[in-house]
Amino acid sequence: MLARAARGTGALLLRGSLLASGRAPRRASSGLPRNTVVLFVPQQEAWVVERMGRFHRILEPGLNILIPVLDRIRYVQSLKEIVINVPEQSAVTLDNVTLQIDGVLYLRIMDPYKASYGVEDPEYAVTQLAQTTMRSELGKLSLDKVFRERESLNASIVDAINQAADCWGIRCLRYEIKDIHVPPRVKESMQMQVEAERRKRATVLESEGTRESAINVAEGKKQAQILASEAEKAEQINQAAGEASAVLAKAKAKAEAIRILAAALTQHAMGVYGALTKAPVPGTPDSLSSGSSRDVQGTDASLDEELDRVKMS
């Protein structure tokens, strides 16, 4: 008994010296660590321990102690992000075009228990699921949409994988399509379609340029006609304003002449009236009649001159 205890103590001391020197614990032929009683689990790893063939617990990173013989490390799961290349495979689009497509899958183990006991090989299962999901999603899209909606296709594949892989304790972080290979004939037809589309765009742009040029020319002619008509209108307005001013000046001159004539007539009438109302001097009837006749003749002459001047104006 003492010898057996001594051997056990020696083994523990040897294990401690190995761990202190930074050397990793020895693994069995299957690649799993041996149960050496004292174990140090690395960061971002989960070691699944079975006791007498049944799940017992999951060892956390750091120092862990197990019971020899009874406890056994059954699975070692990495909690880091795992990158898996999805092999190239053929898929048929909605418009019956066969494509060769491959991708890259990024996943992480979220539940070590489900990843250990929910599926035999998690990475292989997820790879197969990614391939079948990719074929299914490509069958819903036409060839043109496969190239245009690449991001939405990746997102659809990730959602489908996460729904199916939840019971495996695995979460798909993202999926990226690497290459899409189309048959040579399809590629030639696509290139011809692209060239035809470019020629169509060039024709449309040229026709739009011609139309814009014609519109600009017509708009220029229209503006020129508008400016010419406005100039003619302004000229007619100015001419009419000049004629109106001339007519107004003539009317003012005639009014002034009439006013002067009216004043002269009034003055003449008052003179005649005054001459007629004067009392006659006895013994001089001839002289009175001759004087009044001369005054009337002078007044008539002046009135005739005023009338001639008004007519001339």
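Residues numbered from 1 in each chain as written. Predicted model: local features only at pLDDT ≥ 70, side-chain atom pairs only at ≥ 80, totals over all residues. Heavy atoms only, no water.

K.L.:
How should a nonpolar patch on the surface be read in this particular structure?
P.N.:
On the surface, Met-52, Ile-67, Val-69 and Leu-70 cluster together to form a nonpolar patch covering roughly 430 Å² of accessible area. Position of Met-52 relative to the elements: it lies in the loop between β2 (45-51) and β3 (54-59). (Patch = residues over 30% accessible without salt bridge, like charges linked within 9 Å, V, L, I, M, F, W, Y side chains within 5 Å. Areas by Shrake-Rupley, 256 points an atom, 1.4 Å probe, with all protein chains shown as cover. Salt bridge = Lys/Arg side-chain N within 4 Å of Asp/Glu carboxyl O. Helix = DSSP H or I, 4+ residues; strand = E, 2+ residues; numbered from the N terminus.)

K.L.:
Looking at this structure, how should I read the packing of aromatic side chains?
P.N.:
By convention here, two paired aromatic rings are described through the distance between centres and the angle between planes. Here the structure, examined in full by the defined rule, presents 4 aromatic pairs. Seen from their ring centres, Phe-55 and Tyr-117 are 6.0 Å apart, and the 80° between their planes marks the pair as edge-to-face. Of this pair, Phe-55 sits in strand β3 while Tyr-117 sits in helix α2 (residues 112-117); the two residues are 62 residues apart in sequence, bridging distant segments of the chain. Assessed through its relative accessible area of 36%, Phe-55 is described here as partly exposed. Here Tyr-75 and Tyr-117 contribute two aromatic rings whose centre-to-centre distance is 5.4 Å and whose plane-to-plane angle is 85°, an arrangement assigned as edge-to-face. With Tyr-75 in strand β5 (residues 71-78) and Tyr-117 in helix α2, this residue pair connects regions lying 42 residues apart in the sequence. Residue Tyr-75 is classed as partly exposed on the basis of its relative accessible area of 23%. (Phe/Tyr/Trp six-rings, centres within 6.5 Å; stacked < 30°, edge-to-face > 60°. Buried < 20%, exposed > 50% of the residue type's maximum accessible area, 1.4 Å probe, protein only.)

K.L.:
Help me understand the confidence of the model for the protein in this model?
P.N.:
Low-pLDDT portions of the prediction should not be read for the details of their coordinates. For the protein, the average pLDDT comes to 78, and 79% of its residues sit at 70 or higher. In this model, residues 1-30 is a region of pLDDT below 50 whose contacts with residues beyond four sequence positions or in other chains number 17 contacts. Note that pLDDT drops below 50 for residues 284-290; the model gives that stretch 1 contact with residues more than four away or on any other chain. (pLDDT = per-residue confidence, 0-100. Contact = heavy atoms within 4.5 Å.)

K.L.:
Explanation requested: the packing of helix α3 (residues 122-138) against helix α5 (residues 150-165) in the structure shown.
P.N.:
In a packed pair of helices, the relevant descriptors are the angle between the two axes and the axis-to-axis distance. Interaxial distance between α3 and α5 falls to 9 Å at its minimum, and their mutual angle equals 135°. Between α3 and α5, the interaxial angle falls into the category oblique. Between α3 and α5 lies a crossing whose hand is right-handed. Here Val-126, Leu-129, Ala-130, Thr-133, Met-134, Glu-137 and Leu-138 of α3 come into contact with α5, specifically with Leu-153, Ser-156, Ile-157, Ala-160, Ile-161, Ala-164 and Ala-165. Residue composition of the contact of α3 with α5, by class: 11 nonpolar, 2 polar and 1 charged. (Axes fitted to C-alpha atoms, helices over the stretch in contact; angles between N-to-C directions. Parallel < 35°, antiparallel > 145°, perpendicular 65-115°, else oblique. Left-handed = near helix turned anticlockwise from the far one by under 90°. Nonpolar A, V, L, I, M, F, W, Y, C, P; charged D, E, K, R; others polar.)

K.L.:
How should the nonpolar core be read in this particular structure?
P.N.:
Across soluble globular proteins, you tend to see nonpolar side chains buried next to one another. Core analysis: the largest hydrophobic core is formed by 34 residues, its most contacted members being Leu-105, Ile-161, Trp-168 and Tyr-175. For this core, the secondary-structure elements that each account for two or more residues are β6 (82-92), β7 (98-109), α3, α4 (143-148), α5 and β8 (170-181). When sequence neighbours within four positions are dropped, the list of residues in contact with Ile-161 reads Leu-105, Val-126, Leu-129, Ala-130, Thr-133 and Cys-172. In this structure, Leu-39, Leu-59, Leu-66 and Ile-73 belong to the second largest nonpolar core, which totals 7 residues. (Core = buried A, V, L, I, M, F, W, Y, C linked by side-chain atoms within 4.5 Å.)

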